[in-house]
Structure formats: structure tokens, C-alpha cells
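Given next are the chains, with one letter for each unit.
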Number of protein chains: 2
Amino acid sequence: MKENMMKFCSACGEKVNWVMPQGDNRNRYVCVSCGVIHYQNPNVVTGCIPEWQGDILLCRRSIEPRKGLWTLPAGFMENSETNREGAAREAKEEANAEMRDLKLFSMFSIPHVNQIYTIYRGELHQGQASVGEETLEVALVSEDDIPWQALAFPMVVESLKLYFDDRRKGKFETHYGEIVKQDDGELEVTMI
Amino acid sequence: MKENMMKFCSACGEKVNWVMPQGDNRNRYVCVSCGVIHYQNPNVVTGCIPEWQGDILLCRRSIEPRKGLWTLPAGFMENSETNREGAAREAKEEANAEMRDLKLFSMFSIPHVNQIYTIYRGELHQGQASVGEETLEVALVSEDDIPWQALAFPMVVESLKLYFDDRRKGKFETHYGEIVKQDDGELEVTMI
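Residues numbered from 1 in each chain as written. Chains lettered and ligands numbered in written order. Predicted model: local features only at pLDDT ≥ 70, side-chain atom pairs only at ≥ 80, totals over all residues. Heavy atoms only, no water.

Asks: Help me out: how do you make sense of the overall build of chain A in this one?
Replies: Tallying secondary structure elements over chain A gives 2 helices and 12 strands in all. Moving toward the C terminus, one meets the helices and strands of chain A in the order β-β-β-β-β-β-β-α-β-β-β-α-β-β. Considering only C-alpha atoms, chain A reaches an extent of 60 × 35 × 30 Å along its principal axes. In chain A, buried positions account for 49% of the 192 residues. Contacts spanning at least 24 positions in sequence make up 57% of the contacts within chain A whose residues lie at least 6 apart. Taken as a whole, chain A presents about 9200 Å² of accessible surface, with 45% of it coming from carbon and sulfur. (Helix = DSSP H or I, 4+ residues; strand = E, 2+ residues; numbered from the N terminus. Buried < 20%, exposed > 50% of the residue type's maximum accessible area, 1.4 Å probe, protein only. Contact = heavy atoms within 4.5 Å. Areas by Shrake-Rupley, 256 points an atom, 1.4 Å probe, with all protein chains shown as cover.)

Asks: What exactly am I supposed to notice about the relation of the copies chain B and chain A here?
Replies: For the pair of chain copies, the relating transformation is a rotation about an axis with a translation along it. Between chain B and chain A, the superposition needs a rotation of 180° and an axial shift of 0.0 Å, giving an RMSD of 0.0 Å. The relationship between the two copies is best expressed as a two-fold rotation axis. (Least-squares fit on C-alpha atoms with pLDDT ≥ 70 in both.)

Asks: I keep staring at the pairing of strand S11 (residues 175-181) of chain B and nothing clicks. Help me out?
Replies: The two faces of the sheet receive side chains in turn, since in a regular strand these alternate between them. Residue and element names in this part refer to chain B. The element S11 is largely enclosed, with a buried count of 5 among its 7 residues. Note: strand S8 (residues 99-110) against S11, 4 bridges, orientation parallel. In the sheet register, Ser109 faces S11, and the bridge partner there is Glu178. In this sheet, strand S12 (residues 187-191) lies alongside S11 in antiparallel orientation, the contact comprising 5 bridges. Looking at S12, one finds that Lys181 is bridged to Leu187. Between S11 and S12, which pair antiparallel in sequence order, lie 5 residues; one of them, Gly185, sits at a positive phi of approximately 90°. (Pairing = 2+ DSSP bridges.)

Asks: Looking at this structure, how should I read the sheet that holds strand S3 (residues 37-38) of chain B?
Replies: What holds strands together in a sheet is hydrogen bonding between their backbones, with the strands either parallel or antiparallel. All names here are of chain B. Read from one edge of the open sheet, 3 strands run S1-S2-S3, paired in antiparallel fashion. Each edge of the open sheet is held by one strand with a lone partner, namely strand S1 (16-19) and S3. Summarising the sheet, strand S2 (residues 28-31) and S3 pair through 2 bridges and their orientation is antiparallel. Residue Val30 lies in a different strand from S3, and its bridge partner there is Ile37.

Asks: How do you make sense of the interface of chain B and chain A when you look at a structure like this?
Replies: Counting residues at the interface gives 45 residues for chain B, matched by 45 residues for chain A. Across the chain B/chain A interface, buried area totals approximately 3900 Å², and carbon plus sulfur atoms make up 50% of it. Applying the counting rule to chain B against chain A returns 6 salt bridges. With its nearest N and O atoms 3.7 Å apart, the salt bridge here joins Arg26(A) to Glu78(B). Here chain B is connected to chain A by 20 residue pairs in polar contact (both at pLDDT 80 or more). (Buried area = accessible area lost by both parts, 1.4 Å probe. Salt bridge = Lys/Arg side-chain N within 4 Å of Asp/Glu carboxyl O. Polar contact = N/O pair within 3.5 Å; in protein donor to acceptor, adjacent residues only side chain to side chain.)

Asks: Would you explain the side chain of Glu94(A) in this entry?
Replies: Residue and element names in this part refer to chain A. Considering the arrangement of structural elements, one finds Glu94 in helix H1 (residues 83-95). Buried and unpaired, Glu94 has no salt bridge, with Arg61 as the nearest side chain of opposite charge at 5.9 Å. In terms of polar contacts, Glu94 uses its side chain to reach the backbone amide nitrogen of Ala74, at 3.3 Å. Beyond its immediate chain neighbours, meaning those up to four positions away, Glu94 contacts Leu72, Pro73, Ala74, Ser130, Val131, Gly132, Glu133, Glu134 and Thr135. (Lys, Arg positive; Asp, Glu negative; His and termini not counted.)

Asks: Can you walk me through unusual backbone geometry in this structure?
Replies: Peptide bonds are, in most cases, trans, and in most cases residues other than glycine have a negative phi. Here the residue pair Glu64(A) and Pro65(A) is connected by a cis peptide bond, since its omega of -5° sits within 30 degrees of zero. Within the element layout of this structure, Pro65(A) appears in the loop between strand S5 (55-61) and strand S6 (70-71). One non-glycine residue with positive phi stands out, namely Gln53(A), at about 50°. Structurally, Gln53(A) can be placed in the loop between strand S4 (43-52) and S5. Non-glycine residue Glu134(B) carries a positive phi angle of around 65°. Here Glu134(B) shows up in the loop between strand S9 (115-124) and strand S10 (135-141).

Here it is, written out as C-alpha cells:
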């Protein structure tokens, strides 16, 4: 598994080695001089499904990867905020959208990129949104108009499928799934 | 908010400044020489509630913080594993416990420590466990015997309360909560 490349110790500036510390069970970057162990862990991406009178807000990406494709507002969770606050912040930044009543809806673990996605659902306040950062275009779309072939990421496809399924059942639940890269490069989604 | 202290660039070994990059909305560590931006983000702690014939497995901590108090097996999620695999691995490491049928049960966002906790529930295979890493003692305890005053962390208290509430209702759900430090230093738990 590829880690983020680290060549120098961020505490003292000397070189690091990629070795297994005593009492550990995997390699870490360890400073040759001050001995600090630099742990690397998965990142959390947080976002939401903005709802307004039965429609869903989608954003068309203005940046790579998947530039030009449609996504839900989402991005890396920042320090000092809650996971839910991060989802609201991303909707604000990417679509000038104010979110109300966010509830955790889906979580995906994606080990080949060392990421967890958390997706909330909530009301898009007054149905108002406009083009924000990293966004070419925003649109409120009905289930029939979701551009399934032009969605940017598997977690967007899966979250929207689960969302419409739950809506038809008249009961929203919180879902957990794993998106795992197979030997042939294909991504396999398993809901658990 | 306190970030992890960084003094030197992990890519080139030169000094970093704590400044706001162009187009960003918060300070980051940026290398004065190679310009790399070093993002810092919350970490994920993952664990589980091991169940066996109505009892719950608890572990007494052998390390600080909260040495000597009781907890659920949990620890930092590692790269290359799913969130659920991390929960199973921690149960194995801390209590030599094999977990079956893990389902996501609760998630807590704890912004003052930049952490997210994910807690699964599942069967403790054959009710077998023993002292592992970071553990002084393991015990299978009934609801009546939970040592509520000697639990190590708020997320353990809250997860067990939610667990027994759901069990009484005969239906387990997936819960999201926020544990926020107040001005007086007290932690406030809000389920959302």
C-alpha cells in the first residue's frame, strides 16, 4: 500500500527511515535523529445530499479528478469542526448552499485511497444554490433526471441509489458500505 | 485550535511557515522552499461492542490516558484497511477476540481532539477473549454489571447507553453524535 511519501522529519528536519518500530506490527516513518514516529492514517471526506421539494442538488466539477462530471458537495473534513459541520461547510463553499437538519445517511470506507466518506441528507434552505468553489454548474434534479452515467464517484452513485430506495420505502436509515478495488482494477461495492 | 506541531517540510527538510495559502480559507503549514502545503485532518478511531449471550466484553486499560478504567476495544484506523476491518483488528489486538457480523452502530465526532469514533456491534466468537495489548484485564459483563463510574471515555458511556436502549426496543439503529468541549471544560454530548 502506498503511503504519503515522507523523506524528512517534520519535528527536526533530519532524514526518516521506513521501519517497524518496536512493539508495532507495521512499518512507519521514524526519524533517524530524534526518533519521532510519524503515523499516517486515513482521511475523512464529508458531504451531503441537499433536498428541496423532492429534488436533489448536484454540482458539476470544475476540477480534476472527474472534471465535468456531477457530484454531491463534499470535501476533506477539517480539524476543529464536527463531521456534520464539515458537510455543511462544503455545501456552502461549493454551491453557496445553506443546509438544514443534516442527518447521517451513508458512510463508505475506501481502503485503496485511504479514505472514509460520510454523507448526510438534509434540506437545502429555500432551494437556493449557486456556483461556488470547484463547481462549474449546480442543478436541482428529480430522481428521473439524475445523470447516472455522468456521476463523478462510486460513492455518489451508491448514496443516491440508497437515498431513493429509502425514500420509496418511506424510511431513511444510516448505511455503511465498503468500496474495494479488485485485482482487475474494478471497484466492488458491498453494503454491510 | 492546536494543530500537530510541524517545524520542517517532510518532502524537502526545509522550514515551514504557518500561513494561509492563496485560495484557501485557513492557515496551513507551507514549505518556504518547495512550496508544498501540508494539510492536517482529523483521525478516525474505530472499535466495537463485542456481544456474547447478552453480555458485553470490556477491557481494562493498561496505558494512559485513563489507565485502569474500562473501555471497548478501539484504536486508530490504519491505512489500507476498511473502517470495519480496523474495528475487528483492534478487538484482536487488545483482547484476542475474533469478531463476527460487525455492523456500524455509532459514530461520534469530537472536534476538540480532532477525532471521529466509529463503533460497531457484533458477536464475540465463542465468547472467547483474553488480555492483549494495552489491556490489564478483560471481562464479559451484563447490563446490570457495567461499571458506569469506571468507564474510560464519554464515547464508551454513550455507545453502551444507546446499545442497551436499542436492545430493549428490539431494534438496533446507527447513531451519530457530537461530543463538544464547553467553555467550562465540560463535555456536552448531543445525539443528532
